[in-house]
Amino acid sequence: MKLRFEDFRNFPEHRHELREIYESHLPEDERWSFEDLLKAYEQGQKEIYLLFIEEEMVGLLVQTAVAEFLFAEYWAIRQRGKGSSSGFYFARDILEFWGDRPVYCEVDPAETGETARRRIQFYRRSFGFVLFDRIPYVQPALQAHTHAVPMHLMARNCEGFAARFPEIRAEHFRKVY
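Predicted model only: the values in this text are computed from it and were never measured.

(A) Structural view of the nonpolar core. Residues Trp75, Trp98, Phe127 and Phe129 are the most contacted members of the largest nonpolar core, which totals 24 residues. Mapped onto this core, the elements with two or more residues apiece are strand 2 (47-53), strand 3 (56-66), strand 4 (69-77), helix 3 (86-98), strand 5 (103-107) and helix 4 (114-127). In this structure, tryptophan 75 is in contact with Leu60, Leu61, Phe90, Trp98, Cys105, Tyr123, Phe127 and Phe129, ignoring residues within four places of it in sequence. Counting 20 residues, the second-largest nonpolar core is a separate cluster that includes Phe8, Tyr22, Leu26 and Phe52.

Spelled out as structure tokens, the structure:
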């Protein structure tokens, strides 16, 4: 099984599925409204990739270029049934898609619960991400009715990321938020 990454621009007929995966997999306080996400994409501020297995859309990846890094803002994949190994294939194929590019992302702090702890471990094990829990970071409120969320950053292939983040912080917040 191999995931295929396709620019959303080439598959607008999957808009409903994109919205369903986006809204069902991401907490409301940690995501843009779907309309704002599409507006940022249409303005070239974000890249949106649809993930397919054969002809079935099974996931999404939203990322933004920040300095020489990729900020992996959102990614989600539908589980195709217990024991399907969807997470394994997703990890393998997204690493191939990213290649050697330095990538960073936000994660909920481990102390927020078991799901956050498992996600951090999965990102470490499957993607080679390193946790930077000493970098102060808060995701701003993304919608008028949501709240800012304390987060941690994780990165892969990002030598010196912790030392560099203070200098790219302004670009990160300008491009992402």
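(B) Spotlight on the side chain of glutamate 30. Within the secondary structure layout, glutamate 30 lies in the loop between helix 1 (15-25) and helix 2 (34-42). Buried charge without a salt bridge: glutamate 30, with arginine 119 as the nearest opposite-charge side chain at an N-O distance of 6.2 Å. Once residues within four sequence positions are removed from consideration, glutamate 30 is found in contact with Tyr74, Asp108, Gln139, Leu142, Val149 and Met151.

(C) Seen up close, the layout of surface pockets. Space inside the largest pocket adds up to approximately 770 Å³. Lining the largest pocket are 25 residues, with His25, Trp75, Ala76, Arg119 and Tyr123 positioned closest to its centre. Of all elements in the fold, only strand 4, helix 3, strand 5 and helix 4 reach the threshold of two or more residues within the lining of the largest pocket. Taken together, the residues that form the lining of the largest pocket break down as 13 nonpolar, 5 polar and 7 charged.

(D) Structural view of the pairing of strand 5. Most of strand 5 sits out of view: 5 of its 5 residues are buried. The two faces of strand 5 match: Val103, Cys105 and Val107 on one face and Tyr104 and Glu106 on the other face are all buried. Examined bridge by bridge, strand 4 and strand 5 share 2 bridges and lie parallel to one another. For leucine 70, the partnering residue across the bridge sits in strand 5 and is valine 103. Alignment of strand 5 against strand 9 (residues 152-156), held across 5 bridges, turns out to be antiparallel. When the sheet's bridge partners are listed, tyrosine 104 is paired in strand 9 with alanine 155.

(E) Seen up close, the pattern of salt bridges. Per the counting criterion, the structure on display carries 13 salt bridges. In this structure, the salt-bridge partner of glutamate 96 is lysine 2, at a minimum N-O distance of 2.8 Å. Residue glutamate 96 is found in helix 3, and its partner lysine 2 is found in the segment before strand 1 (4-7); the two are separated by 94 residues along the sequence. Residue class for glutamate 96 comes out exposed when judged on its relative accessible area of 55%. The partner of arginine 4 in a salt bridge is glutamate 6, with the nearest N and O atoms 2.8 Å apart. Within this structure, Lys2, Arg92, Asp93 and Glu96 form a network of salt bridges that share partners.

(F) Inspection of the environment of leucine 3 at higher detail. Tracing the chain through its elements places leucine 3 in the segment before strand 1. Along the backbone, leucine 3 and phenylalanine 34 are 31 residues apart, and their C-alpha atoms lie at a distance of 24 Å. Residues in contact with leucine 3, not counting those within four places in the same chain, are Leu51, Phe52, Ile53, Val58, Ile77, Tyr89, Phe90 and Asp93.

Rules and cut-offs
Numbers given to residues run from 1 along each chain, matching the order in which its sequence is written. With pLDDT at 70 or above as the cut-off, local features in this predicted model cover only qualifying residues; side-chain atom pairs require 80 or more to be listed or tallied, and sums for whole chains, interfaces and linings still use all residues. In computing side-chain values, all of the structure's heavy atoms are included and hydrogens and water are not. The definition of a nonpolar core used throughout is a set of buried Ala, Val, Leu, Ile, Met, Phe, Trp, Tyr and Cys residues joined through side-chain atoms within 4.5 Å. Each residue is assigned to one of three classes by its accessible area relative to the maximum for its type, calculated with a 1.4 Å probe on protein chains only: buried under 20%, partly exposed between the two thresholds, exposed over 50%. Numbered from the N terminus, helices here are DSSP runs of H or I no shorter than four residues, and strands are runs of E no shorter than two. Only heavy atoms enter the contact rule, under which two residues are in contact if any of them lie within 4.5 Å. When charges are tallied, Lys and Arg are placed among the positive residues and Asp and Glu among the negative ones, while His and the ends of the chain are skipped. When a carboxyl oxygen of Asp or Glu lies within 4 Å of a side-chain nitrogen of Lys or Arg, that pair is called a salt bridge. In the cavity and pocket records, a cavity denotes points on a 1 Å grid over the protein atoms alone where a 1.4 Å probe fits but cannot get out, a pocket denotes an open set with protein on both sides within 12 Å along at least 5 of 7 lines, and lining residues are residues with an atom within 4 Å of a point. Grid points are joined across faces, edges and corners, and a volume is the space filled by probe spheres set on the points. Each residue gets one label: Ala, Val, Leu, Ile, Met, Phe, Trp, Tyr, Cys and Pro are nonpolar, Asp, Glu, Lys and Arg are charged, and the others, such as Gly, are polar. Here, a strand pair is defined by DSSP locating no fewer than two bridges between the strands.

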